[in-house]
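Here is how the chains run, residue by residue.
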Amino acid sequence: MDKPVGYSLMGIMAFEMISSKIHWVSDYSLAILIGYAIGKNAAKRRIIKRNKADAIGEIYQSNIQTDFNFNMNSQFTTIGITFNF
């Protein structure tokens, strides 16, 4: 029920803003594409897919690797952290 109402309101508002020349048509297609990509990426990181081993009771182990980097130049020292997912 929420999706048809939300899509309808989004379409009406987009049509109104295009008619009043606040936005171009390409703004909305690009915004929907960017929002979809960011939403899928954020949801993929938060949702844990379980397999049979997890259902039996095996503890889920994270595969995030952390690496600390230190670099000294003649003028300054830099410190960096790298996360690999």
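Residues numbered from 1 in each chain as written. Predicted model: local features only at pLDDT ≥ 70, side-chain atom pairs only at ≥ 80, totals over all residues. Heavy atoms only, no water.

The name given to the protein in an unreviewed UniProt entry is PAP2 superfamily protein, with Arenibacter arenosicollis as the source organism.

### Focus on the overall build of the protein
Scanning the protein from N- to C-terminus turns up three helices and two strands. Ordered by position from N to C terminus, the α and β elements of the protein give α-α-α-β-β. Classification of the 85 residues of the protein by burial places 2% in the buried group. Of the contacts formed within the protein by residues at least 6 apart in sequence, a portion of 3% connects residues at least 24 apart. About 8,300 Å² of surface is accessible on the protein, with carbon and sulfur atoms providing 63% of the total. (Helix = DSSP H or I, 4+ residues; strand = E, 2+ residues; numbered from the N terminus. Buried < 20%, exposed > 50% of the residue type's maximum accessible area, 1.4 Å probe, protein only. Contact = heavy atoms within 4.5 Å. Areas by Shrake-Rupley, 256 points an atom, 1.4 Å probe, with all protein chains shown as cover.)

### Concerning the UniProt feature "transmembrane region" (unreviewed entry) in the protein
Mapped onto the present numbering, the UniProt feature "transmembrane region" (unreviewed entry) falls at residues 22-39. Between the end C-alpha atoms of residues 22-39 there is a gap of 25 Å, over a span that is 83% helix and 0% strand. (UniProt positions renumbered as here; feature names shortened; annotations may be inferred.)

### Observations regarding the packing of helix α1 (residues 2-19) against helix α2 (residues 25-46)
At a minimum axis separation of 9 Å, α1 and α2 run at an interaxial angle of 145 degrees. Together, Met10, Met13, Ala14, Met17 and Ile18 of α1 and Val25, Tyr28 and Ile32 of α2 make up the contact between the two elements. A per-class count over the contact of α1 with α2 returns eight nonpolar, no polar and no charged. (Axes fitted to C-alpha atoms, helices over the stretch in contact; angles between N-to-C directions. Nonpolar A, V, L, I, M, F, W, Y, C, P; charged D, E, K, R; others polar.)

### Here's the deal with the pairing of strand β1 (residues 65-72)
Across eight bridges, β1 lies against strand β2 (residues 77-84) in antiparallel orientation. In the strand pairing of β2, aspartate 67 is matched with threonine 82. The antiparallel pairing of β1 with β2 creates a hairpin that spans four residues between the two strands. (Pairing = 2+ DSSP bridges.)

### Quick look at unusual backbone geometry
Phi is positive for lysine 21, close to 60 degrees, though the residue is something other than glycine. The residue lysine 21 is located in the loop between α1 and α2 in this model.

### Focus: the environment of phenylalanine 70
Looking at where phenylalanine 70 falls in the secondary structure, it is placed in strand β1. Phenylalanine 70 sits eleven residues away from isoleucine 81 along the chain, and the two C-alpha atoms are 8.9 Å apart. Apart from the residues within four sequence positions on either side, phenylalanine 70 is in contact with Thr78 and Ile79.

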